[in-house]
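One-letter residues, chain by chain:
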Amino acid sequence: MATDHREAEQPVNTSDSDFQEDVEFVETNCVPGKCNSAVFDTTDELDDLTLNLANGVIQNHRGTITSLIRKRAKRSNTLKDEEADQDLANSIASEEANSIEQSELSSELSEDENVKNGLEDLSLQDTESVPEESPSVTLIPSSSETDYVNSLEWKQQKKHIFILSESGKPIYSRHGSEDKLVTVMGVMQALVSFVQDDKDNLRSIVAGDHTFVFMNRDHLTFVGVTRGRESTQQMLLQLTYMYNQVISVLTHSTLVRTFKQHRNFDLRRPLSGAEKFFDNLLNLMDVEPGLLLTSVRCLPLDSSVRDIVSQTIVQHAKVKDLVFALIIAQNQLVALVRMKRYYLHPMDLHLIINLINASESFKAAESWTPICLPKFDATGFLQAYVSYLDEECQSCLLLLSVDIEAFYTLSECRAKIKERLDRYNALTAIGNSLQRHSYSVQQCSIGDLRHFLYKARSTAQYTSPELGPPYNTPEQQDRLFGLYHFLHDKVHSVSRPLKLLYHVGKYETLLGWVTQGFELYAVFGPLVTKNVAIHAVNKLLRWIKREEDRLFILSSVTF
Amino acid sequence: MSQTGKRKADLKVIILGDYAVGKTSLICRYIDGKFQKQDSTVGAAFFFKPWGPYNIAVWDTAGDERYSGLSHFYCRSAGAAILAFDLNSPKTFESLWARFGSILEAANEDCLKVVVGTKSDELDQSTRDVSAEEGRRLALELNPELDQAYVERCGAPYFETSALKNENVTEMFEYIFQRCLPLSAEQQRRFKGKVSTIDLLEESSEGGGRKKCC
Ligand SMILES: Nc1nc2c(ncn2[C@@H]2O[C@H](COP(=O)(O)OP(=O)(O)OP(=O)(O)O)[C@@H](O)[C@H]2O)c(=O)[nH]1
Ligand SMILES: [Mg+2]
């Protein structure tokens with residue numbers, strides 16, 4: 001029951017073998033965007049999801065900030081500084097030791113079975129949140145909520161995301177005010193608890209054309225409901241992003257401490273004002289493949305210009321305690337400089353992009369705000385200095401430090417960086433690249449290729465052409481995105497991962513190809529044969545290879 | 001966009017208050033000379049403003065509760081703190097004590113606290129909840145070091161403002177600056193006399209601010 005691909009256009013022909021003759025035909029030694037020195041933290045969240053579904057708490061990178069702060073405290077001997085450091089370090093570290101290490105025993109195989117049984121026992125298949133089917137069964141008590149939940153507008157949303165507390169308190173809903181969803185969320189929590197009573201985890205429910213996906217972390221329940229093409233696994237990834245966004249606002253330590261103190265705590269208070277980050281993140285996930293691919297899109301830029309930008313940052317932001325310095329332009333990475341030994345994870349970068357994407361307020365003045373990067377260190381905050389570099393507010397400079405006092409120093413760095421980048425015309429170059437809108441698929445001059453996503457695995461970066469016809473309407477873009485979800489799911493299938501997938505759909509032919517070095521998802525016109533597609537893809541790889549200096553950041557720059 | 005150049009501030013002013021009371025609007029009205037839609041502040045925003053021969057730094061903090069932990073940092077060396085509340089919302093007035101009272105303990109002892117009611121353009125005098133007298137009283141309580149004579153001469157550090165209508169905004173800021181960085185008669189003459197030149201450099205508070213607010 002867990003797998004349900006709902007490939008709307010019935011596959012006419014899907015061959016998904018690692019068939020020998022074709023593998024030989026394919027030139028696997030061409031891996032554009034490959035790089036030996038790590039640019040990003042490239043641990044793949046999808047692997048994580050598969051491996052620690054039950055204990056999803058981020059455990060790898062805790063304490064990084066505390067150790068950086070200690071280092072800083074050692075350096076500066078003035079009493080005042082030490083006090084401040086100690087305060088900060090304490091507040092960050094205090095709960096670290098207490099954090100809950102979930103160890104739920106889940107027998108994964110029996111889960112679906114259990115869910116099914118549980119469902120049948122409760123006869124819950126037909127709650128209001130599952131529209132259209134057997135409207136006769138109603139669990140929800142009559143109240144004004146019922147009207148709302150039954151409204152067509154609410155029911156017809158393509159995707160719902162809910163966050164609720166262990167006690168069933170609503171915290172967030174993508175559509176509609178969570179106040180009106182108390183009962184619905186109560187039912188969801190009842191389902192989750194019911195399965196948990198048997199020392200098991202509820203993972204997904206398929207009801208009609210809707211899939212419900214559940215994820216429990218740190219006293220929070222995340223629920224995703226979709227009738228789109230996302231697989232359970234992909235929905236879990238989206239829920240993980242939502243969880244990371246919660247952590248990013250509160251830190252893992254605070255979250256755990258809060259619920260330890262009051263199991264019934266209303267998390268909406270500390271999260272108030274953060275709704276826009278959740279909303280914006282969900283919107284990003286619907287249009288930005290980088291989140292699905294856990295990889296980063298770089299702004300296409302001559303490598304000489306990019307070098308100037310990163311070298312300017314290295315020279316003029318060489319400040320102690322500065323962990324990451326980056327420039328982002330329209331959701332694309334322009335340059336990244338990092339402290340030696342510390343890496344930025346693409347999931348964290350997406351949260352950073354989301355932060356600046358969701359708020360206009362950074363355009364008005366230099367800003368200074370705490371942000372927790374869960375993959376980097378879920379237990380504490382970094383301080384982010386945020387300021388746009390140009391009048392049009394396109395290129396945004398972010399300097400992330402562990403030192404809360406660093407603002408004025410970083411502000412001076414910004415002034416110097418801006419002055420140099422202006423002098424070298426680098427900001428103009430960035431502006432020009434933004435104006436050119438990446439590149440069109442025609443530039444690759446491969447007939448019948450309509451669109452593609454290419455991810456270089458070793459650098460956790462991806463590239464794709466702009467969306468041209470026929471994908472120039474929101475509906476078509478949505479459909480294309482659905483195709484990518486389908487392809488991505490097939491090649492990453494837990495039970496049967498594929499290396500190569502050739503799929504003929506109603507409107508287009510798809511080719512998915514995963515190797516050690518890359519993931520490629522290509523969309524062709526409908527009449528392309530397998531051989532032609534593979535041939536085209538090889539040509540595409542050579543094209544990307546030629547352009548790789550411009551499309552990817554291939555060398556890692558450190559302070 | 002911020003000005004580049006030297007960043008030695010002679011006075012640090014911080015503005016505190018619940019979310020959406022109009023802190024950012026107030027500051028942008030003074031610095032950019034106009035009122036426009038503001039997005040809710042994330043963390044804190046830093047503004048810079050010359051005053052005579054001096055440079056003033058203004059920290060505009062976010063009202064959302066989750067940022068409360070950081071307020072003591074902005075307060076630490078503040079010469080003046082603007083405590084903003086929405087004249088139409090008594091809750092935001094109560095917050096000044098409840099939320100920010102303890103935070104202000106981190107400030108300098110001689111930090112001037114100015115209580116500022118916002119959105120006076122929306123206020124209906126006949127139904128108002130927080131009286132001007134209450135506001136004044138809070139302002140005086142918060143500033144025990146202000147002597148009677150000063151208050152009689154310059155007024156209490158309490159203002160009712162409208163960023164929208166541009167009422168009492170400049171007065172409020174000048175009250176702070178005059179108290180914290182008094183210009184001598186000679187300086188006043190010089191800088192007032194230079195106002196027209198400063199205008200040309202577009203550094204005056206009113207009219208054509210040189211930087212847009214977004
Ligand atoms: N009528 C009226 N509305 C105002 C005035 N000042 C601000 N507002 C409105 O109040 C709302 C909040 O204004 P902001 O300046 O963003 O409030 P803030 O205190 O900075 O809010 P946070 O940054 O979230 O803490 C906006 O919709 C403004 O348009 C005013 O003087 N009169
Ligand atoms: Mg504000």
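Conventions used here
- Residues numbered from 1 in each chain as written.
- Chains lettered and ligands numbered in written order.
- Predicted model: local features only at pLDDT ≥ 70, side-chain atom pairs only at ≥ 80, totals over all residues.
- Heavy atoms only, no water.
- Helix = DSSP H or I, 4+ residues; strand = E, 2+ residues; numbered from the N terminus.
- Buried < 20%, exposed > 50% of the residue type's maximum accessible area, 1.4 Å probe, protein only.
- Areas by Shrake-Rupley, 256 points an atom, 1.4 Å probe, with all protein chains shown as cover.
- Near = heavy atom within 4 Å.
- Polar contact = N/O pair within 3.5 Å; in protein donor to acceptor, adjacent residues only side chain to side chain.
- Donors = N, O, S within 2.8 Å, 3.2 Å for Na, K, Ca; no water.
- UniProt positions renumbered as here; feature names shortened; annotations may be inferred.
- Pairing = 2+ DSSP bridges.
- Contact = heavy atoms within 4.5 Å.
- Axes fitted to C-alpha atoms, helices over the stretch in contact; angles between N-to-C directions.
- Buried area = accessible area lost by both parts, 1.4 Å probe.
- Salt bridge = Lys/Arg side-chain N within 4 Å of Asp/Glu carboxyl O.
- Nonpolar A, V, L, I, M, F, W, Y, C, P; charged D, E, K, R; others polar.
- Core = buried A, V, L, I, M, F, W, Y, C linked by side-chain atoms within 4.5 Å.
- Domains from an automatic or database assignment.
- pLDDT = per-residue confidence, 0-100.

Participant: Can you help me understand the overall build of chain A in this one?
Facilitator: In terms of helices and strands, chain A carries 20 helices and 18 strands. Across the 559 residues that make up chain A, the buried fraction comes to 60%. As presented, chain A carries roughly 22,300 Å² of accessible surface, and 49% of it is formed by carbon and sulfur atoms.

Participant: Just checking my understanding: could you explain the site of ligand 1 for this structure?
Facilitator: Residue and element names in this part refer to chain B. Taken together, 21 residues form the shell around ligand 1, and within it Lys-23, Thr-24, Ser-25, Gly-63 and Asp-121 come nearest. Within the backbone of Val-21, a nitrogen or oxygen atom sits 3.3 Å from an oxygen atom of ligand 1. Contact distances for ligand 1 include 2.7 Å between an oxygen atom and a backbone N or O atom of Gly-63. About the coverage of ligand 1: the protein hides 87% of its 650 Å² of free accessible area.

Participant: For this particular structure, what's the right way to read the coordination of the magnesium ion (ligand 2)?
Facilitator: Working reference: metal with six octahedral donors, ideal angles 90 or 180 degrees; metal with four tetrahedral donors, ideal angle 109.5 degrees. Residue and element names in this part refer to chain B. Bound to the magnesium ion (ligand 2) are the protein donor atoms Thr-24 (OG1) and Thr-41 (OG1), situated 1.9 to 2.0 Å from the metal. With Thr-24 in helix H1 (residues 23-32) and Thr-41 in the loop between H1 and strand S2 (44-51), the pair connects residues that are 17 residues apart, well separated along the chain. For the pair Thr-24 and Thr-41, a shared accessibility class is recorded, and that class is buried.

Participant: Help me understand the UniProt feature "domain: FUZ/MON1/HPS1 first Longin" (unreviewed entry) in chain A, please; the structure alone is not making it clear to me.
Facilitator: Within the UniProt annotation, "domain: FUZ/MON1/HPS1 first Longin" (unreviewed entry) is assigned to residues 159-281 of chain A. Between the C-alpha atoms that bound residues 159-281 of chain A the distance is 13 Å, and the span itself is 46% helix and 24% strand.

Participant: Even after reading the chapter, I still don't get the pairing of strand S17 (residues 518-524) of chain A, so can you show me in this structure?
Facilitator: Every regular strand shows the same layout, with side chains that alternate between the two sheet faces. Residue and element names in this part refer to chain A. In terms of residue burial, S17 counts as a mostly covered element, since seven of its seven residues are buried. Two strands pair when backbone bridges link them, and strand S13 (residues 449-456) and S17 are joined in this way by seven bridges, in the antiparallel orientation. By the bridge assignment, Leu-453 is partnered in S17 with Tyr-521. Judged from the six bridges that link them, strand S16 (residues 509-514) and S17 form a sheet pairing that is antiparallel. Of the residues in S17, the one forming a bridge with Val-514 is Glu-519. Between S16 and S17, which pair antiparallel one after the other, the connecting turn spans three residues.

Participant: What am I meant to see in the sheet that holds strand S4 (residues 80-86) of chain B here?
Facilitator: Paired through backbone hydrogen bonds, the strands of a sheet run either parallel or antiparallel to each other. Ordered by their spatial adjacency, 12 strands build an open sheet running S18(A)-S9(A)-S8(A)-S12(A)-S11(A)-S10(A)-S2(B)-S3(B)-S1(B)-S4(B)-S5(B)-S6(B), and the pairing between neighbours is mixed. Both edges of this open sheet fall to strand S18 (557-558) of chain A together with strand S6 (158-160) of chain B, since each of them pairs with a single strand only. Both strand S10 (residues 366-371) of chain A and S2(B) contribute to a ladder of three bridges, which runs antiparallel. Looking at the pairing, Glu366(A) lines up with Phe46(B) of S2(B). Helix-sheet contacts for helix H15 (residues 346-357) of chain A involve strand S8 (322-329), strand S9 (332-338), S10, strand S11 (382-388) and strand S12 (395-401) of chain A, and the interaxial angle to S8(A) is about 60 degrees. Lying over the sheet, helix H3 (residues 90-98) of chain B contacts S4 and strand S5 (112-118) of chain B, oriented at roughly 150 degrees with respect to S4(B).

Participant: Help me understand the interface of chain B and chain A in this model?
Facilitator: Much of the literature gives interface size as the accessible area that the parts lose upon coming together. Between chain B and chain A, the contact holds 26 residues from the first and 36 residues from the second. Roughly 2,700 Å² is buried in total at the junction of chain B and chain A, and carbon and sulfur atoms are behind 56% of that figure. Counting every contact that joins chain B to chain A gives two salt bridges. Between Glu65(B) and Arg269(A) there is a salt bridge, with the nearest N and O atoms lying 2.9 Å from each other. Here chain B is connected to chain A by 10 residue pairs in polar contact (both at pLDDT 80 or more). For the side of chain B that touches chain A, the secondary-structure elements that each account for two or more residues are S2 and helix H2 (71-75) of chain B. For the side of chain B that touches chain A, the leading source of residues is S2(B), giving four residues. Of the residues that constitute the side of chain B that touches chain A, the class distribution is 13 nonpolar, six polar and seven charged.

Participant: How should H1(B) be read in this particular structure?
Facilitator: For the α-helix, the turn length of 3.6 residues means that residues three or four positions removed from each other point alike. Summarising burial for H1(B): 10 of the 10 residues are buried, a large majority. What H1(B) keeps buried is the set Lys23(B), Thr24(B), Ser25(B), Leu26(B), Ile27(B), Cys28(B), Arg29(B), Tyr30(B), Ile31(B) and Asp32(B).

Participant: How should the environment of Ser433(A) be read in this particular structure?
Facilitator: All names here are of chain A. Mapping Ser-433 onto the fold places it in helix H18 (residues 426-435). For Ser-433, a relative accessible area of 2% gives the class buried. Each C-alpha atom, one on Ser-433 and one on Tyr-241, is 29 Å from the other, the two residues being 192 residues apart in sequence. Ignoring any residue separated from it by four or fewer positions in sequence, one finds Ser-433 in contact with Leu-299, Pro-300, Leu-301 and Ser-438.

Participant: Whenever I open this one, the UniProt feature "domain: FUZ/MON1/HPS1 third Longin" (unreviewed entry) in chain A confuses me. Can you help?
Facilitator: Residues given the UniProt feature "domain: FUZ/MON1/HPS1 third Longin" (unreviewed entry) here are residues 448-548 of chain A. The distance separating the terminal C-alpha atoms of residues 448-548 of chain A is 22 Å; by composition the span is 37% helix and 29% strand.

Participant: Whenever I open this one, the nonpolar core confuses me. Can you help?
Facilitator: Soluble, globular proteins show a tendency: their nonpolar side chains are buried together. Judged by nonpolar contacts, the single largest core of 76 residues is most densely connected at Met242(A), Leu326(A), Leu349(A) and Ile352(A). In terms of residues, this core owes the most to one element, helix H9 (residues 232-250) of chain A, which gives 11 residues. Three or more residues apiece are contributed to this core by two domains, here domain 2 (125-287) and domain 3 (296-436) of chain A. If sequence neighbours within four positions are ignored, Met242(A) has contacts with Ile161(A), Ile163(A), Tyr172(A), Phe222(A), Phe278(A), Leu281(A), Leu282(A) and Met285(A). Within the second largest apolar cluster, 64 residues are counted, among which are Val305(A), Leu322(A), Val334(A) and Leu104(B).

Participant: Hey, could you run me through the environment of Lys506(A) in this one?
Facilitator: Its location among the elements puts Lys506(A) in the loop between strand S15 (500-504) and S16. Separated by 131 residues in sequence, Lys506(A) and Lys375(A) have C-alpha atoms that sit 40 Å apart.

Participant: Before we go on, may I ask you to explain the confidence of the model for chain A in this structure?
Facilitator: Reading fine detail from the predicted coordinates is not recommended where pLDDT is low. Chain-level statistics for chain A give a pLDDT mean of 80 and a share of 78% at 70 or above. Residue range residues 50-58 of chain A is modelled with pLDDT below 50. Its contacts to residues more than four positions away, or to other chains, number 21 contacts.

Participant: What should I look at first to understand the domain arrangement of chain A in this one?
Facilitator: All names here are of chain A. According to the domain assignment, chain A consists of domain 1 (2-37 + 439-551), domain 2 (125-287) and domain 3 (296-436). Taken residue by residue, the interface counts 15 residues in domain 1 and 17 residues in domain 2. Both sides of the domain 1 and domain 2 interface together cover about 1,200 Å² of buried area, and 42% of this is carbon and sulfur. Where domain 1 packs against domain 2, one counts one salt bridge. Residues Asp-478 and Lys-158 are paired through a salt bridge, measuring 2.9 Å at the closest nitrogen-oxygen approach.

Participant: How should the sheet that holds strand S4 (residues 204-207) of chain A be read in this particular structure?
Facilitator: All names here are of chain A. Read across the open sheet, the five strands follow the order S3-S2-S6-S5-S4; overall the sheet is antiparallel. Two strands in the sheet have a free side with no partner beyond their single neighbour: strand S3 (170-173) and S4. Taken pair by pair, the neighbouring strands of this sheet meet at an average axis angle of 15 degrees, ignoring direction. Examined bridge by bridge, strand S2 (residues 159-165) and strand S6 (residues 220-226) share seven bridges and lie antiparallel to one another. Of the residues in S6, the one forming a bridge with Ile-163 is Phe-222. Along the sheet, H9 makes contact with S2, S3, S4, strand S5 (210-217) and S6, crossing S5 at roughly 40 degrees.

Participant: What am I meant to see in the pattern of salt bridges here?
Facilitator: A side chain with one charge can pair with a side chain of the opposite charge if their charged atoms come near. All names here are of chain A. This structure, assessed with the given rule, holds 21 salt bridges over all chains. Between Asp-286 and Lys-159 there is a salt bridge, and its shortest N-O distance comes to 2.9 Å. In this pair, Asp-286 sits in helix H12 (residues 275-287) while Lys-159 sits in strand S2, placing the two residues 127 residues apart along the sequence. By relative accessible area, Asp-286 is classed as partly exposed at 26%. When salt bridges that share partners are traced, they join Lys-159, Arg-174, Glu-230 and Asp-286 into one network.

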